[in-house]
Amino acid sequence: MQTTSHSLLSHLSTLTCSGCGNPYDAFEKQTVSPCCHLPLLAGYAPDVMPEKEALYSREGTMWRYLEMLPVLHEENIVSLGEGYTPILQLANLAKKYELRSLQLKDEGQNPTGSFKARGLSMAISKAKEHGVEGCIVPTAGNAGVAMAAYCAKAGMRAVVVMPRHTPKAFREECYWYGAEVVLVDGLINDCAAKAKELNSNGELLDVSTLKEPYRIEGKKTMGYEIAEQGNWKLPDVILYPAGGGTGLIGIWKAFKEMKKIGWLPENAILPRMVAVQAENCRPLVETFYGRQANAQNYVGKPTIANGLAVPRPLGEQLMLQTLQESCGTAISISENEMISGLKELGANEGLFVAPEGAAVWMATRKLVDTGCISPDEKILLLNTGSGQKYMENLSDVFAQE
Ligand SMILES: *Cc1c(COP(=O)(O)O)cnc(C)c1O
Ligand SMILES: [Zn+2]
């Protein structure tokens, strides 16, 4: 039994079906909503919130927002020091392209080298709180590595299911965390089917993107940090590489929550959210521009930005809602453009980013060219991961140089 002696200040109150708004018990273990089979979103009832200044003396991790996070007991927090990543000024590229304000939040500096650390730290902490003994995840790479690390820390069994073509560095790192790795021919949706089969007796918790309610609660802390680190002044536009969509949806959720609890003024103008995808796998772009009703039958191809190879995201509707509510847009970037972006960020800014992050920079250039973003605006890029583990995807390019 858990004691209440170390109970945290979490104001978690409900889980709500993102399809129809049905409420569910937030203190029971939940997966997707039984009514619509769609993601459940956590709601908070902050009767008394501290002033935002109270944050400043807290530790530099995502756990500093604990009132608005779902973990109820401190002893269940499984942390490797994730979050509170720096926001860097890209002054050299800003000068080169005559942009007034160009910043990049570098999520590559998280434990296990990507922002997936935030989501999996939260999901594994909640799994621990619910007494779970093992977890399974279909992954394009980074989520599997992060889950393996947090499960190791929590003393849980970890099963990671990833496409066979994923760079070896992802598989090998899972091995060192003591996880079981299963390789599948295909993309993440094929891995999801395999994971379901492997877990037919339901003994493992499936922590797939948005199939449990808490990875997004970890990801949303990026939004809280963007506000706090920017001294509560938000950028005009945020560009984000969207695969499953938890980051995009999470950041937007954070902005709305901060208005509700008074950390942002009620009339604050929120940033336009831009979803960046790969040309090889761009289900959201296709739906956004009305070229398909939804992504349910979309077929994608692999991309060097492994995290973007998500052909049929469960959170599609929530991503579209974010783009609509924020007056944002969706755009796709080719493999060659990503390679140019990698080179440019590396050689001008000393950053070796994930191809996903390179895509975001190239999207910025394109949207400035078309006038969709003005050079006077405050632009924030999210680099979601470090380039280190992607080397194998890039070795052909390097060999030809
Ligand atoms: C998973 C991943 C993404 C996509 O993130 P979502 O929040 O699922 O949309 C983007 N970049 C990297 C590096 C990733 O690992
Ligand atoms: Zn429902």
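Residues numbered from 1 in each chain as written. Chains lettered and ligands numbered in written order. Predicted model: local features only at pLDDT ≥ 70, side-chain atom pairs only at ≥ 80, totals over all residues. Heavy atoms only, no water.

1. Notes on the coordination of the zinc ion (ligand 2)
Rules: Metal coordination here is assigned from N, O and S atoms located within 2.8 Å of the ion, or within 3.2 Å for Na, K and Ca; omission of water means that sites may look incomplete. Angular criteria define each label, namely tetrahedral for four donors with all angles between 85 and 135 degrees, square planar for four and octahedral for six donors with opposite donors over 155 degrees apart and remaining angles between 65 and 115, and irregular for whatever fails these tests. In this text, helices come from DSSP runs of H or I with a minimum length of four residues, and strands from runs of E with a minimum of two, each type numbered from the N-terminal end. Exposure is judged per residue with a 1.4 Å probe applied to protein chains only, and the accessible area is read against the type maximum: over 50% gives exposed, under 20% gives buried, and values in between give partly exposed.
Distances from the zinc ion (ligand 2) to its protein donors, namely Cys17 (SG), Cys20 (SG), Cys35 (SG) and Cys36 (SG), fall within the range 2.3 Å. One way to put it: the four donor atoms around the zinc ion (ligand 2) meet at angles of 104 to 120 degrees, and that makes the site tetrahedral. Of note, the zinc ion (ligand 2) draws all its donor residues from one chain, in the sequence arrangement C-x2-C-x14-C-C. Taken together, the residues Cys20 in the loop between strand E1 (12-17) and strand E2 (23-25) and Cys35 in the loop between E2 and strand E3 (40-44) connect sequence positions 15 residues apart. On the basis of relative accessible area, Cys20 is assigned to the partly exposed category, the value being 43%. Residue Cys35 is classed as partly exposed on the basis of its relative accessible area of 33%.

2. Here we look at the nonpolar core
Put simply, the rule is: The nonpolar core is taken to be a set of buried Ala, Val, Leu, Ile, Met, Phe, Trp, Tyr and Cys residues, with the residues joined through side-chain atoms within 4.5 Å. Annotation comment: domain bounds sourced from an automatic or database domain assignment. The contact criterion used throughout is that any non-hydrogen atoms of two residues lie within 4.5 Å.
Formed by 55 residues in total, the largest nonpolar core has its most connected members in Ile251, Phe255, Met258 and Trp263. When residues of this core are sorted by domain, at least three fall in each of domain 1 (12-76) and domain 2 (87-112 + 214-399). Dropping the residues within four chain positions of it, Met258 is found in contact with Gly223, Tyr224, Ala227, Trp232, Trp263 and Leu264. Residues Ala94, Leu104, Leu351 and Val368 belong to the second largest nonpolar core, which totals 33 residues.

3. Overview of the pairing of strand E10 (residues 237-241)
Applicable threshold: Being paired, for any two strands, means DSSP has found at least two bridges between them. The handedness of a crossover follows from its direction of travel: if, with the strands pointing away from the viewer, the path from the first strand over the helix to the second runs clockwise, the crossover is right-handed.
The buried fraction of E10 is high, at five of five residues. Side chains Val237, Leu239 and Pro241 project from E10 onto one buried face, and the interleaved Ile238 and Tyr240 project onto a second face that is buried too. Two elements, E10 and strand E11 (residues 272-278), share five bridges in a ladder whose sense is parallel. Looking across to E11, one finds that Tyr240 is bridged to Ala275. In this view, the connection linking E10 to its parallel neighbour E11 by way of helix H8 (residues 246-260) has right-handed handedness. Bridge analysis of E10 against strand E13 (residues 378-383) gives three bridges, and the strand direction is parallel. Residue pairing for E13: Ile238 is matched across the bridge by Leu380.

4. Things to note about the site of ligand 1
Let me state the cut-off plainly: A single heavy atom is enough: if one lies within 4 Å of a molecule or strand, its residue is considered near that molecule or strand. Pairs of N or O atoms within 3.5 Å make up the polar contacts considered here, provided that, within protein, one atom can donate a hydrogen while the other can accept it, and that residues adjacent in sequence are counted only when both atoms are side-chain atoms. In short, Shrake-Rupley with a 1.4 Å probe defines the accessible areas, and a residue's cover is counted only from the protein chains shown.
Near ligand 1 you find 16 residues, and of these Lys116, Tyr240, Gly243, Gly245 and Thr384 are the closest. At 2.9 Å, a side-chain N or O of Lys116 approaches an oxygen atom of ligand 1. The contact in question runs from an oxygen atom of ligand 1 to an N or O atom on the side chain of Lys219, over 3.2 Å. Across the complex, the protein chains shield 97% of the 390 Å² of accessible surface that ligand 1 would expose by itself.

5. Focus: the sheet that holds E13
What counts, and what does not: Where helices are involved, their axes are fitted lines through C-alpha atoms of the stretch in contact, as for all axes, and angles between N-to-C directions lie from 0 to 180°.
Taken in spatial order, the six strands make up an open sheet running E4-E5-E13-E10-E11-E12, and their pairing is mixed. One side of each edge strand has no neighbouring strand; the edge strands of this open sheet are strand E4 (87-89) and strand E12 (329-333). The mean angle between the axes of side-by-side strands here comes to 25 degrees, regardless of whether they run parallel or antiparallel. The pairing of E4 with strand E5 (residues 101-106) spans three bridges and is classified as antiparallel. Paired with Gln89 across the bridge in E5 is Gln103. Those strands touched by helix H12 (residues 355-369) are E5, E10, E11, E12 and E13, and its axis lies near 115 degrees from that of E12.

6. A closer look at the layout of surface pockets
Inclusion rule: Both site types are read off a 1 Å grid over the protein atoms alone. A 1.4 Å probe that fits but cannot get out defines a cavity, while an open set with protein on both sides within 12 Å along at least five of seven lines defines a pocket; lining residues have an atom within 4 Å of a point. Grid points are joined across faces, edges and corners, and a volume is the space filled by probe spheres set on the points. Gly falls in the polar group here, along with every residue not listed as nonpolar (Ala, Val, Leu, Ile, Met, Phe, Trp, Tyr, Cys, Pro) or charged (Asp, Glu, Lys, Arg).
Of the voids in this model, the largest pocket is the one considered here, and its volume is about 980 Å³. Residue lining of the largest pocket: 48 residues in total, with Pro138, Ala192, Ser208, Thr209 and Lys211 positioned closest to the centre. For the lining of the largest pocket, the secondary-structure elements that each account for two or more residues are strand E6 (134-138), helix H3 (142-154), helix H5 (188-198), strand E9 (205-206), helix H6 (215-219) and E10. It is H5 that contributes the most residues to the lining of the largest pocket, six residues altogether. Residues of the lining of the largest pocket, tallied by class, amount to 21 nonpolar, 18 polar and nine charged. In this structure, the second largest pocket encloses a volume near 380 Å³. Lining the second largest pocket are 18 residues, with Leu41, Ala42, Lys253, Lys256 and Glu257 sitting closest to its centre. Every element with two or more residues in the lining of the second largest pocket is listed here: E3, H8 and helix H10 (316-325). The element that contributes the greatest number of residues to the lining of the second largest pocket is H8, accounting for six residues. Its residues assigned to classes, the lining of the second largest pocket comprises nine nonpolar, four polar and five charged. Looking at which domains feed residues into the lining of the second largest pocket, each of domain 1 (12-76) and domain 2 (87-112 + 214-399) gives three or more.

7. Focus: the domain arrangement of the protein
Basically, it comes down to this: Note on terms: buried area is the combined drop in 1.4 Å-probe accessible area of two parts once they are placed together, counting the loss on both. By definition here, a salt bridge exists when the distance from a side-chain nitrogen of Lys or Arg to a carboxyl oxygen of Asp or Glu is within 4 Å.
If you check the domain split of the protein, you get domain 1 (12-76), domain 2 (87-112 + 214-399) and domain 3 (116-206). Put simply, the middle of domain 2 and the middle of domain 3, counted by C-alpha atoms, are 24 Å apart. Taken together, the 26 residues of domain 2 in the interface contact 28 residues of domain 3. Buried area between domain 2 and domain 3, summed over both chains or domains, comes out near 2,200 Å², and the portion from carbon and sulfur atoms is 61%. Along the contact surface separating domain 2 from domain 3 lie three salt bridges. Its salt-bridge partner being Arg118, residue Glu225 comes within 2.7 Å of it at the nearest N-O pair.

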